[in-house]
Amino acid sequence: MPVAVDYPMLPLLDMTLFPGSETSLFVGRALSRASVEAAVAGNGQLVVVRQREFGTLEFTATDLHTVGTLATVTSLTRLPDGTLKITVSAHDRVSIDSVRRPDHFRVFATTLPAPPCPPARSARLRAALLRRVGTALTPEQLGTLRDIREAGRLVDTLMPLLATPSARSIHPHHSLHQGLLEKLDGEQRLLKLMKMLPHNRRAEVPGNGDFTQALALPGFDPAGEPQARTTADGSLWLVFSAMPPSWFQPTEATGPLGPCTDLDRLLERATGCPVFWDSMKLLLIDNPKPDTVARIERFLRGVRQGWQTATQ
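Trainee: Teacher, can you tell me more about the overall build of the chain here?
Mentor: Counting its secondary structure elements, the chain contains 8 helices and 11 strands. Along the three orthogonal principal directions, the C-alpha set of the chain runs to about 80 × 40 × 40 Å. Taken across its 312 residues, the chain has 45% of its residues classed as buried. If you take every contact in the chain between residues at least 6 apart in sequence, the share linking residues at least 24 apart comes to 62%. Roughly 14,900 Å² of accessible area belongs to the chain as shown, and the carbon and sulfur atoms make up 54% of that amount. Separation between the mean location of the 34 positive side-chain charges and that of the 31 negative ones in the chain comes to 2 Å.

Below is the structure:
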């Protein structure tokens, strides 16, 4: 059974450190510098944890988030103004049990378990996540990420990469990062990150040859019924021949899309699955359920029938 261990503690103002990352930090506050010095004088380990409020110096457990990261100081440079520049290598999630302050910050912290997520079960979700971020990362970065077979570790490795200039357009706000750190189940962590990413960002849309099955969804648009297409990783794509459909005649009152406005959000409610759009003719469900296609068909048929009733 894990036991609480006494570590020096470094509080951060607006940053969350993820296991597996290596990060450079500038440490200027006197007590924080003392914590780093205490870690270096020992085995190099310290707990990095995000504080809840700015301006707090007299820390108690309630001033800090309950989950932090155990890290090792791998380099230290003392700058002329007294600031310390350090590099830390993060390796474990820890729970913060209590805080004390002799001449620097210290906490009792317990290493948290990392429940394994079977690679086969998370393969579809990992592929979906990499599709979502594909255009924001370099081919070399994507190659490294594709070799990571565990869902939670993939998220931990990806988060620092999303902070790079090329990926900042899809980088979740730093205030959301703590919630990811606190998710111990790797698959749940991946799903949480997927929800944080913009819904209108698509990468690597499959070509026609990449689809393994195409099912017509009758009852929506007689001029060209939409299709539910699947790919080898189990993702489900909805392909519409036209949007808005042929039966809809827009007016100033109804707007250009009428009942198809916010179609992705409406489908989410109908299916219980997150829905992401590439264009108004192409929607994606990364993790469909066994009855998802049937739910979509009923919903789309109902949209048309409801509109016909409303306009009679």
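Trainee: Got a minute to help me understand the packing of aromatic side chains in this structure?
Mentor: The relation between two aromatic rings is expressed through the spacing of the ring centres and the mutual angle of the planes. Scanning all chains against the criterion turns up 3 aromatic pairs. Taking the centre distance of 5.7 Å and the plane angle of 70 degrees together, the rings of Phe220 and Phe240 count as edge-to-face. One end of the pair, Phe220, is in the loop between β7 (211–216) and β8 (227–231); the other, Phe240, is in the loop between β9 (236–239) and α7 (263–271), with 20 residues separating them in the sequence. Phe240 gets classed as buried once you look at its relative accessible area, which sits at 4%. Consider the rings of Phe220 and Trp247, whose centres lie 5.8 Å apart with planes at 85 degrees: the pair is edge-to-face. Of this pair, Phe220 sits in the loop between β7 and β8 while Trp247 sits in the loop between β9 and α7, and the two are 27 residues apart along the sequence. Here the two residues Phe220 and Trp247 agree in accessibility, since each one is buried. One cation-aromatic arrangement involves Arg229 over Phe211; the distance from NZ or CZ to the ring centre is 5.3 Å.

Trainee: In this structure, what is going on with the packing of helix α2 (residues 119–133) against helix α4 (residues 151–161)? I would like to understand it.
Mentor: Relative orientation and spacing of two packed helices are given, respectively, by the angle between their axes and the distance between those axes. In the contact formed by α2 and α4, the axes pass within 10 Å of each other and the chain directions differ by 20 degrees. One finds that α2 runs roughly parallel with respect to α4. Relative to α4, α2 is oriented so that their crossing is right-handed. Contacts between α2 and α4 involve Ser122, Arg126, Leu129, Leu130 and Val133 from the former and Ala151, Leu154, Val155 and Leu158 from the latter. Grouping the constituent residues of the contact of α2 with α4 by class yields 7 nonpolar, 1 polar and 1 charged.

Trainee: Would you mind showing me how to read helix α3 (residues 139–146) here?
Mentor: For α3, every residue scored as buried is listed here: Gln141, Leu142 and Leu145. Burial along α3 is one-sided: seen end-on, the buried residues are contained in an arc of 100 degrees. α3 presents Pro139 and Glu140 as exposed residues on the side facing more than 90 degrees away from its buried surface. The inward-facing, buried residues of α3 abut α2 and α4.

Trainee: Which parts of the structure should I look at to understand the side chain of Thr231?
Mentor: With respect to the element layout, Thr231 can be found in strand β8. Under the relative-accessibility criterion, Thr231 is labelled buried at 8%. Setting aside chain neighbours within four positions, we find Thr231 in contact with Pro206, Asp210, Phe211, Thr212 and Trp237.

Trainee: Looking at this structure, how should I read helix α1 (residues 30–41)?
Mentor: At 3.6 residues per turn, the α-helix brings residues three or four places apart onto the same side. The end-to-end C-alpha separation of α1 is 16 Å, in line with the 16 Å expected for 12 residues at 1.5 Å each. Among the residues of α1, those classed as buried are Ser32, Ser35, Val36 and Ala39. All buried residues of α1 lie within an arc of 95 degrees about the axis, which places them on one face of the element. Opposite its buried face, α1 presents the exposed residues Ala30 and Ala41, each directed more than 90 degrees away. In this structure, the buried residues of α1 make contact with β1 (5–12), β2 (22–27), β3 (45–50), β4 (67–78) and β5 (84–100).

Analysis parameters
Residues numbered from 1 in each chain as written. Predicted model: local features only at pLDDT ≥ 70, side-chain atom pairs only at ≥ 80, totals over all residues. Heavy atoms only, no water. Helix = DSSP H or I, 4+ residues; strand = E, 2+ residues; numbered from the N terminus. Buried < 20%, exposed > 50% of the residue type's maximum accessible area, 1.4 Å probe, protein only. Contact = heavy atoms within 4.5 Å. Areas by Shrake-Rupley, 256 points an atom, 1.4 Å probe, with all protein chains shown as cover. Lys, Arg positive; Asp, Glu negative; His and termini not counted. Charge placed at Lys NZ, Arg CZ, Asp CG, Glu CD. Phe/Tyr/Trp six-rings, centres within 6.5 Å; stacked < 30°, edge-to-face > 60°. Lys NZ or Arg CZ within 6 Å of the ring centre and 35° of its normal. Axes fitted to C-alpha atoms, helices over the stretch in contact; angles between N-to-C directions. Parallel < 35°, antiparallel > 145°, perpendicular 65-115°, else oblique. Left-handed = near helix turned anticlockwise from the far one by under 90°. Nonpolar A, V, L, I, M, F, W, Y, C, P; charged D, E, K, R; others polar. Arc of directions from axis to C-beta. Expected span 1.5 Å × (residues − 1).

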